[in-house]
Amino acid sequence: MNVSDGARPGRRLGLLRVATDQALAAVEADVGPRHPALRRAHLLIFRFGTIDGRHTSDLAAHAGMTKQSMHEIVTYLETHGYLRRRPDPTDSRALLVHLTPRGRALERQILSAVADVLESWRDRVGVRRFDALWATLQEITGETGHLPEPAELRRAPSEH
């Protein structure tokens, strides 16, 4: 196949990444205009559930990044009024991340945008195929969490 004719070479391991990138781009396009100071890296820390009440080291581990990189992201979000760090009452050496009202609004907007992406995928391929895809991805990754319904994602995170 000649790439110059506009056709792409076959994908090997990158197809899931393409889907992820498309989903992240859709979330960023939805949320970004309301939060112009934020970039994709800032939004990514919300992908594992609420960050409220968590240690920066836990967020780093879930995101697969260094503690130093996560510290920079958390510092940036704190500087822009999305969160505050407070002492952990159970560990005087540690700080916990706490969302401000602005941070809670951002979290809700991200979850709503994710719900939109999931709905669009389900609409595109149909409920049966989408559910089969989710089950297959769970089997491949070993993840066992249920796929929340869009309405569940749109509720405030504290209600999950």
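Here the structure is shown first, and the text comes after it.
Everything numeric here is computed off the predicted structure, so don't read it as measured data.

Draft legend 1. Spatial organisation of the nonpolar core. Counting 23 residues, the largest nonpolar core has Ile-51, Met-70 and Leu-106 as the members making the most contacts within it. Of all the secondary structure elements, the ones that give two or more residues to this core are α1 (15-31), α3 (56-63), α4 (67-79), β3 (91-99) and α5 (101-125).

Draft legend 2. Spotlight on the pattern of salt bridges. Tallying each qualifying case throughout the model produces ten salt bridges. Two residues, Glu-78 and Arg-85, come together in a salt bridge whose shortest N-O distance is 2.6 Å. Between Glu-149 and Arg-122 there is a salt bridge whose closest N-O contact spans 3.2 Å. In this pair, Glu-149 is assigned in the loop between α6 (127-141) and α7 (150-154) and Arg-122 in helix α5, connecting sequence segments 27 residues apart.

Draft legend 3. Spatial organisation of the pairing of β3. In this sheet, β3 lies alongside strand β1 (residues 54-55) in antiparallel orientation, the contact comprising two bridges. Bridged to His-55 within β3 is Leu-96.

Draft legend 4. Spotlight on α3. Of all the positions in α3, only Thr-56, Leu-59, Ala-60 and Ala-63 are classed as buried. Relative to the axis of α3, the buried residues are bounded by an arc of 100 degrees and lie together on one face. Within two residues after α3, Gly-64 carries a phi angle of roughly 70 degrees, on the positive side.

Draft legend 5. Expanded view of the sheet that holds strand β2 (residues 83-88). Here three strands make up an open sheet; going across it, the order is β1-β3-β2 and the pairing antiparallel. Only two strands of the sheet have a single neighbouring strand rather than two, namely β1 and β2. Taken strand by strand, α4 contacts β2 and β3, and its axis lies near 120 degrees from that of β2.

Draft legend 6. Focus on the pairing of β2. As paired elements, β2 and β3 share six bridges and run antiparallel to each other. Bridging across to β3, Leu-83 finds its partner in Leu-99. Here β2 folds back onto β3 in antiparallel fashion, the turn holding two residues.

Draft legend 7. Main features of α5. Counted at 1.5 Å a residue, the expected span for α5 with its 25 residues is 36 Å, and the 37 Å between its end C-alpha atoms agrees. Those residues of α5 not exposed but buried are Gly-103, Leu-106, Glu-107, Gln-109, Ile-110, Leu-111, Ala-113, Ala-115, Val-117, Leu-118 and Arg-122. For α5, the secondary structure elements touched by its buried residues are α1, α2 (40-44), β3, α6 and α7. Backbone geometry just after α5 places Gly-126 at a positive phi near 95 degrees.

Draft legend 8. Region of the structure containing the packing of α1 against α5. Close contact between α1 and α5 brings their axes to 9 Å; oriented N to C, the two are set at 130 degrees. By the criterion of interaxial angle, the relationship of α1 to α5 is oblique. The crossing of α1 and α5 is right-handed. Mapping the contact onto sequence places Ala-19, Ala-23, Ala-26, Val-27, Asp-30 and Val-31 in α1 and Leu-106, Gln-109, Ile-110, Ala-113, Val-114, Asp-116, Val-117 and Trp-121 in α5. Looking at the contact of α1 with α5 residue by residue, the class counts come to eleven nonpolar, one polar and two charged.

What counts, and where the lines are drawn
- Residues numbered from 1 in each chain as written.
- Predicted model: local features only at pLDDT ≥ 70, side-chain atom pairs only at ≥ 80, totals over all residues.
- Heavy atoms only, no water.
- Core = buried A, V, L, I, M, F, W, Y, C linked by side-chain atoms within 4.5 Å.
- Buried < 20%, exposed > 50% of the residue type's maximum accessible area, 1.4 Å probe, protein only.
- Helix = DSSP H or I, 4+ residues; strand = E, 2+ residues; numbered from the N terminus.
- Salt bridge = Lys/Arg side-chain N within 4 Å of Asp/Glu carboxyl O.
- Pairing = 2+ DSSP bridges.
- Arc of directions from axis to C-beta.
- Contact = heavy atoms within 4.5 Å.
- Axes fitted to C-alpha atoms, helices over the stretch in contact; angles between N-to-C directions.
- Expected span 1.5 Å × (residues − 1).
- Parallel < 35°, antiparallel > 145°, perpendicular 65-115°, else oblique.
- Left-handed = near helix turned anticlockwise from the far one by under 90°.
- Nonpolar A, V, L, I, M, F, W, Y, C, P; charged D, E, K, R; others polar.

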